[in-house]
Amino acid sequence: MPAFAKNPKFIIGTLVILWVLYVLYANFQIDMVTFYLLPFNILKLQLRLSAVIIGAAIFGAVATIVIHWLWVRPSNTASSAVTAPIPPSNPPRSSTVA
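Starting from 1, residues in each chain are numbered consecutively following that chain's sequence as written. For this predicted model, a pLDDT threshold of at least 70 governs which residues receive local features, and a threshold of 80 or more governs which side-chain atom pairs are given and counted, while totals over whole chains, interfaces and linings are taken from all residues. Only hydrogens and water are set aside; all other atoms, that is, all heavy atoms of the structure, feed into the side-chain values.

### Remarks on the overall build of the protein chain
Then, in step 1: Of the regular secondary structure elements, the protein chain holds two helices and two strands.
Then, in step 2: By definition, any uninterrupted DSSP run of H or I lasting at least four residues is a helix, any uninterrupted run of E lasting at least two residues is a strand, and each is numbered from the N terminus. Seen in sequence order, the protein chain has helices and strands lined up from the N terminus as α-β-β-α.
Then, in step 3: For the protein chain, the proportion of contacts with a sequence separation of at least 24, taken over those separated by at least 6, is 12%.
Then, in step 4: Residue burial considers only the protein chains on display, and all accessible areas are found by Shrake-Rupley using a 1.4 Å probe. For the protein chain, the accessible surface area stands at approximately 9200 Å², while carbon and sulfur atoms represent 72% of it. Contact definition: two residues touch when any of their heavy atoms are within 4.5 Å.

Spelled out as structure tokens, the structure:
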């Protein structure tokens, strides 16, 4: 058995991928999910359950990336551009003796 196959990250990652594939396959067998957008059956939307699951996963991933980008981007406020004044390199000496 290769060394990478003994790594716990590899084992857990493989189990997660197999579980996601199983969920997609098992839910692909279900016919349709009906969303009633307006009352009295005026407007209804029918989607496959697998499409709903994949759409939710894509939306969650995109929302996470956008929120992370908004959280860590540098701010453009003027207060961050203000710096302390630089002290002179040769400070004036006192002529008094202590």
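### Focus: the packing of helix α1 (residues 8-28) against helix α2 (residues 49-72)
Then, in step 1: At their nearest, the axes of α1 and α2 sit 8 Å apart, and the two run at 145° to each other. Touching Val23, Leu24, Asn27 and Phe28 of α1 are Leu49, Ser50, Ile53 and Ile54, all from α2.
Then, in step 2: Residues were grouped as follows: Ala, Val, Leu, Ile, Met, Phe, Trp, Tyr, Cys and Pro as nonpolar; Asp, Glu, Lys and Arg as charged; and all remaining residues, including Gly, as polar. Split into classes, the residues belonging to the contact of α1 with α2 amount to six nonpolar, two polar and no charged. Axis definition: a line fitted to C-alpha atoms, over the contacting stretch in the case of helices. Angles run 0 to 180 degrees between N-to-C directions.

### Digging into the confidence of the model for the protein chain
Then, in step 1: A score between 0 and 100, pLDDT records how confident the predictor is in each residue. Confidence along the protein chain averages 81 in pLDDT terms, with 82% of residues attaining 70 or more.
Then, in step 2: Taking the mean pLDDT of every element in the protein chain, the minimum, 87, falls on α1 and the maximum, 91, on α2.

### Regarding a nonpolar patch on the surface
Then, in step 1: Patches were defined on residues exceeding 30% relative accessible area and lacking a salt bridge, with like-charge contacts within 9 Å and nonpolar side-chain contacts (Val, Leu, Ile, Met, Phe, Trp, Tyr) within 5 Å. Should a side-chain nitrogen of Lys or Arg be within 4 Å of a carboxyl oxygen of Asp or Glu, the pair is scored as a salt bridge. The grouping of Phe35, Leu37, Leu38, Phe40, Ile42, Leu43, Leu45 and Leu47 at the surface amounts to a nonpolar patch, some 790 Å² of accessible area in total.
Then, in step 2: A relative accessible area of 42% places Leu43 in the partly exposed class. For the exposure calls, accessible area comes from a 1.4 Å probe over protein chains only, and a residue counts as buried if that area is under 20% of its type's maximum, exposed if over 50%, partly exposed in between.

### Section: α1
Then, in step 1: In this model, α1 (21 residues) spans 30 Å end to end at C-alpha, consistent with the 30 Å of a helix rising 1.5 Å per residue.
Then, in step 2: Polar contacts, as used here, are pairs of N or O atoms within 3.5 Å; protein pairs need one atom able to donate a hydrogen and one able to accept it. Residues neighboring in sequence count only if both atoms are side-chain atoms. Sitting at the amino-terminal end of α1 is Asn7, which places a side-chain oxygen 3.2 Å from the backbone nitrogen of Lys9. What a helix should span is 1.5 Å times the count of its residues minus one.

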